[in-house]
Amino acid sequence: MKNAVKRKLIQIAAFGFTNSHIGNFAGGKLYTGKWKQFCNPGLNCYSCPAATLACPIGAMQAVAGSIQYNFSFYVVGFLLAVGVLFGRLICGWICPFGLVQELFYKIPSRKFRLPKWFTYIKYGILVVFVLVLPIAATNYMGMGKPAFCQYICPSGTLFGGIAMTAAHPELRATTGLLFALKMGILLVTIAACVFIFRFFCKTLCPLGAIYGLLNKISVYHLEVDKNACIQCGQCAHTCKMDVDPVAAPNSAECIRCGACAAACPKRAIRLGFTLAKSTPQHTEPPAP
């Protein structure tokens, strides 16, 4: 089975497991069973009626923004463990919203690449909206707000906000400027994903920022056999995340999709947990 087909099947299976309670959409109910206490490795809204698992970004903000200003050892430990093991493999193979973005990218259109500086925006969002605002911006009871979920997250708007307001007229009556803002962010994100591969992953996703920081030390990694590489540039040309695997095999933007390895004519690129070391070149000893 080709790598691209296998990846897509795994993405669909992960999406199906993550959102297995489809019947909840009809009544606008949320699944609150035992699985909801666990976090999804990818980005998927807790408030989606079909969601089986919690969102790690939402859970981190909820704990940090509580009255006690607790530190979420479980969520942070979970993200660190997953990131150290897999890095951004989670983004490329497991994340539900990643699959949604790729489906929109399949719409026929002219495609574009972003300037590199756009990729740094997500780190600012991670610091400001996920780490600082839930603690610093509190209400009269001393509780912080899940700022990223409340003001930005297009995944939450798509799977949670729209579904819940559609099912509950009383919620529709309370929607105002904030919901309009989030709908605007969602529409811009969807439109951008038609022209730019995984626009949200590249520019806005704080979860991708966390996994990206761990890409360089993740157990699952990418290696390039410099002896076999012929510098043809096919891998960099193929990569939709705008990474040159030869120059930066463990780039924070690499989602480990395997497209570069499939495109390499010399099979010089390998991905896995334990990879064979490159065989050193042997040279003839100098003549006496």
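Quick note: structure is the one above.
In this report, we go over the structure that sits alongside the text. What you see as residue numbers is a count from 1 along each chain, following the sequence as written. Local features in this predicted model are restricted to residues of pLDDT 70 or higher, and side-chain atom pairs are both shown and tallied only at a pLDDT of 80 or more, whereas totals for entire chains, interfaces and linings draw on every residue. Calculated side-chain values reflect all of the structure's heavy atoms, with hydrogen atoms and water omitted.

### Here's the deal with the overall build of the protein
Under the convention used in this document: Secondary structure is summarised from DSSP: a helix means a run of H or I of at least four residues, a strand means a run of E of at least two, and numbering begins at the N terminus for each. Residue burial is assigned from relative accessible area. The probe radius is 1.4 Å, only protein chains are included, and a residue is buried under 20% of its type maximum, exposed over 50%, and partly exposed in between. For this analysis, residues touch if any pair of their heavy atoms sits within 4.5 Å. To be clear on the numbers: accessible area is Shrake-Rupley with a 1.4 Å probe, and residue cover counts the displayed protein chains and nothing else.
The secondary structure content of the protein amounts to 15 helices and two strands. Scored against the burial criterion, the 288 residues of the protein give a buried share of 47%. Pairs at least 24 apart in sequence give 74% of the contacts found in the protein among residues at least 6 apart. Approximately 14,600 Å² of the protein is accessible, and the part contributed by carbon and sulfur atoms is 69%.

### Observations concerning the environment of Trp 117
Mapped onto the fold, Trp 117 is located in the loop between helix 6 (96-105) and helix 7 (121-136). Residue Trp 117 is classed as exposed on the basis of its relative accessible area of 53%. For Trp 117 and Thr 203, which are 86 residues apart along the polypeptide, the C-alpha to C-alpha distance reads 9.0 Å.

### What to know about the packing of aromatic side chains
In plain terms, the rule: Two aromatic rings from Phe, Tyr or Trp, using only the six-membered ring of Trp, form a pair when their centres are within 6.5 Å; if the ring planes differ by under 30 degrees the pair is stacked, by over 60 it is edge-to-face, and anything between is tilted. Geometrically, a lysine NZ or arginine CZ counts as sitting over a ring once it is within 6 Å of the ring centre and also within 35 degrees of the ring normal.
Enumeration according to the criterion identifies 10 aromatic pairs in this entry. Ring geometry for Phe 86 against Phe 273: centres 5.8 Å apart, planes inclined by 75 degrees, an arrangement best described as edge-to-face. In this pair, Phe 86 sits in helix 4 (residues 73-86) while Phe 273 sits in the segment after strand 2 (269-272), placing the two residues 187 residues apart along the sequence. One aromatic cluster in this structure is built from Phe 17, Trp 35 and Phe 38. The ring centre of Tyr 46 lies 4.0 Å from the NZ or CZ of Lys 36, which sits over that ring. The ring of Tyr 105 is capped by Lys 111, whose NZ or CZ atom sits 4.3 Å from the centre of that ring.

### Some words on the pattern of salt bridges
Selection criterion: A pairing counts as a salt bridge when a side-chain nitrogen of Lys or Arg comes within 4 Å of a carboxyl oxygen of Asp or Glu.
Counted under the stated rule, the structure contains seven salt bridges. The shortest N-O distance in the salt bridge between Arg 7 and Glu 102 comes to 3.0 Å. On the criterion of sequence distance, the pair formed by Arg 7 in helix 1 (residues 3-18) and Glu 102 in helix 6 is long-range, its members being 95 residues apart. One salt bridge in this structure joins Glu 102 and Arg 198, with 2.9 Å as the shortest N-O distance. With a gap of 96 residues between them, Glu 102 in helix 6 and Arg 198 in the loop between helix 11 (177-195) and helix 12 (199-203) connect regions that are remote in the sequence. Taking relative accessible area as the criterion, Glu 102 reaches 4% and is therefore assigned buried. When its relative accessible area of 0% is taken as the criterion, Arg 198 is described as buried. One salt-bridge network, in which partners are shared between bridges, spans Arg 7, Lys 8, Glu 102 and Arg 198.

### Digging into the nonpolar core
Formally: Here, nonpolar core refers to any group of buried Ala, Val, Leu, Ile, Met, Phe, Trp, Tyr and Cys residues whose side-chain atoms link them within 4.5 Å.
Leu 43, Ile 57, Leu 79 and Phe 148 are the most contacted members of the largest nonpolar core, which has 46 residues in total. Among the secondary structure elements, those contributing two or more residues to this core are helix 3 (56-64), helix 4, helix 5 (89-93), helix 6, helix 7, helix 11, helix 12 and helix 13 (206-214). Apart from residues no more than four positions distant in its own chain, Leu 43 is found in contact with Cys 55, Ile 57, Cys 95, Pro 96, Phe 97, Cys 153, Ser 155, Phe 200, Cys 205 and Leu 207. Formed by 11 residues, the second largest nonpolar core is a distinct cluster that contains Val 246, Cys 254, Ala 261 and Ile 269.

### As for the side chain of Asn 250
Quick note on the threshold: Polar contact is the term for a pair of N or O atoms within 3.5 Å; when the atoms are in protein, one must be able to donate a hydrogen and the other to accept it, and sequence-neighboring residues count only if both atoms are side-chain atoms.
As for its position among the elements, Asn 250 is in the loop between helix 14 (234-238) and helix 15 (259-263). For Asn 250, the side chain forms a polar contact with the side chain of Arg 256, separated by 3.0 Å. Look past the residues within four positions of Asn 250 in its chain and what remains in contact with it is Asn 215, Lys 216, His 221, Leu 222 and Arg 256.

### Some details on helix 11
Counted only if it meets this: For a helix, the expected span equals 1.5 Å multiplied by the residue count minus one.
Compared with an ideal rise of 1.5 Å per residue, which puts 19 residues at 27 Å, helix 11 spans 28 Å between its outermost C-alpha atoms and is within 8% of the ideal. Taken together, the buried positions of helix 11 are occupied by Lys 182, Leu 186, Thr 189, Ile 190, Ala 192, Cys 193 and Val 194.

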